[in-house]
Amino acid sequence: MNYTYRITKRGLCSELNSLLGYYESIIDEDCKVYVDGGNSQYFKDVSIYDVFDFPSNFVKEKPSEATMVSSNEWKKTALNRYEFSISPSDAARFFNYTKSFRERINRTMNRVELPVVFNCFHIRRGDKIGEAYDTRFETKGLKEASRYEFEYYFNRCDQSIKSIFIMTDDYEVITEAKHYINQNKLDHKIFHLTTKTQTGHSTDTDIKNNRTFTNRELLNFFTEIEIAKHSHQFVGTGSSNIFRYIKNQCTTNVKLISIDI
């Protein structure tokens, strides 16, 4: 049996968690699957096969005859109440990076110059907390998740660890974190890959403007994911797809701390 699995226009980790759920459903099936990322703003200009080296039954060329499967049919596996039956190690093998992409991630991680022991915070902004456009809520101000300030994350971590890497889509978070550190005369150091041009992500605005993501943007995002997996403590919101994407495939000893569920 041949399948074409079509990624749609949802957020990146929502799509990847759905893809993992689909893989879980066919893991013991004798079939071939082609992943079509052409409708996704993430994999339109960069092939998903340039990022991931999927198992051998995931083929790189679209079969002439195949059953079409939409990622929207697997939304349930991207929800926070869904529990995967496959192990984190199986999930990590599925989302194995290509050799070249892995090498680029390693080089980017090295440039950050993180110490061996550090904590990692994922701080949501943009459309998720009502600070950027989201058609589901129609107006700015309604939101999917609550806003948590840097201080809230900081108070949940082991503060004896002096290095903190921050994952965020809004550079203002970095500014706020550094201000908090200075104001309270702390000796912690902030690390990040977020650029000053990042002001909060909106999937719907990206779709409306036909925006596509560059290889560098995807590289930085997945580098952040790998940094989180290698932290001592990862503090984030368990309701977020990013938190669950990390949790689903994390085989390291990182302590995962959710501040909302």
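Residues numbered from 1 in each chain as written. Predicted model: local features only at pLDDT ≥ 70, side-chain atom pairs only at ≥ 80, totals over all residues. Heavy atoms only, no water.

Participant: What exactly am I supposed to notice about the overall build of the protein chain here?
Facilitator: Looking only at helices and strands, the protein chain features 9 helices and 9 strands. A buried classification covers 52% of the 261 residues belonging to the protein chain. A fraction of 76% describes how many contacts in the protein chain between residues 6 or more apart in sequence connect residues 24 or more apart. Carbon and sulfur atoms form 46% of the exposed surface of the protein chain, whose accessible area is close to 13,000 Å². (Helix = DSSP H or I, 4+ residues; strand = E, 2+ residues; numbered from the N terminus. Buried < 20%, exposed > 50% of the residue type's maximum accessible area, 1.4 Å probe, protein only. Contact = heavy atoms within 4.5 Å. Areas by Shrake-Rupley, 256 points an atom, 1.4 Å probe, with all protein chains shown as cover.)

Participant: Which parts of the structure should I look at to understand the pattern of salt bridges?
Facilitator: Two side chains that carry opposite charge are able to pair once their charged atoms sit near each other. Applying the stated criterion across every chain, the model contains 6 salt bridges. Between R6 and D36 there is a salt bridge, with its nearest N and O atoms 3.4 Å apart. Taken together, the residues R6 in strand β1 (residues 2-6) and D36 in strand β2 (residues 32-36) connect sequence positions 30 residues apart. Residue D36 is classed as buried on the basis of its relative accessible area, which comes to 14%. (Salt bridge = Lys/Arg side-chain N within 4 Å of Asp/Glu carboxyl O.)

Participant: For this particular structure, what's the right way to read the layout of surface pockets?
Facilitator: In this approach the atoms are scanned with a rolling probe the size of a water molecule, which exposes any empty space left behind. Here the second largest pocket defines a volume of roughly 300 Å³. Every residue lining the second largest pocket is counted, 20 residues in all, and those nearest its centre are Y82, E83, R244, K247 and N248. For the lining of the second largest pocket, the secondary structure elements donating two or more residues are α1 (12-26), α3 (88-94) and α9 (241-249). A class-by-class count of the residues in the lining of the second largest pocket yields 10 nonpolar, 7 polar and 3 charged. (1 Å grid on protein atoms, 1.4 Å probe; cavity = no way out; pocket = protein on both sides within 12 Å on 5 of 7 lines; lining within 4 Å. Points joined across faces, edges and corners; volume = space filled by probe spheres on them. Nonpolar A, V, L, I, M, F, W, Y, C, P; charged D, E, K, R; others polar.)

Participant: Can you help me understand helix α6 (residues 171-183) in this one?
Facilitator: An α-helical turn contains 3.6 residues, so a residue and the one three or four places further along point in the same direction. Between its terminal C-alpha atoms α6 stretches 18 Å, which fits the 18 Å expected from 13 residues at 1.5 Å a residue. When α6 is considered as a whole, its buried residues turn out to be Y171, V173, I174, A177, Y180 and I181. Where the residues of α6 are buried, they touch β5 (119-123), α5 (150-154), β6 (163-168) and β7 (189-192). The opening residue of α6, the one whose side-chain oxygen lies 3.0 Å from the backbone nitrogen of E172, is D170. The first or second residue beyond α6 is K185, which carries a positive phi of 55°. (Expected span 1.5 Å × (residues − 1). Polar contact = N/O pair within 3.5 Å; in protein donor to acceptor, adjacent residues only side chain to side chain.)

Participant: Looking at this structure, I do not really get the pairing of β1. What am I missing?
Facilitator: Side chains on a regular strand alternate between the two faces of the sheet. When β1 meets β2, the two strands line up parallel, connected through 5 bridges. By the bridge assignment, Y3 is partnered in β2 with V33. Handedness of the β-α-β unit built from β1, α1 and β2 comes out right-handed. Where β1 and strand β4 (residues 67-70) come together, 4 bridges link them in parallel fashion. The residue of β4 that forms the bridge with Y3 is T67. (Pairing = 2+ DSSP bridges. Right-handed = clockwise from strand over helix to strand, strands pointing away.)

Participant: I'm lost on the sheet that holds strand β8 (residues 233-236) in this one. Help?
Facilitator: Where strands meet in a sheet, backbone hydrogen bonds hold them as pairs that are either parallel or antiparallel. Across the sheet, 5 strands lie side by side as β7-β6-β5-β8-β9; this open sheet has parallel pairing. Edge positions in the sheet fall to β7 and β9 (255-258), since each of these pairs with one other strand and no more. Going from strand to strand, the sheet's axes swing by 25° on average, the running direction of each strand aside. Examined bridge by bridge, β5 and β8 share 3 bridges and lie parallel to one another. By the bridge assignment, C120 is partnered in β8 with F234. (Axes fitted to C-alpha atoms, helices over the stretch in contact; angles between N-to-C directions.)

Participant: Explanation requested: α1 in the structure shown.
Facilitator: Across its 15 residues, α1 extends 21 Å between first and last C-alpha, which sits within 8% of the 21 Å expected from 1.5 Å per residue. Taking burial as the measure, the 15 residues of α1 include 14 buried ones, the bulk of the element.

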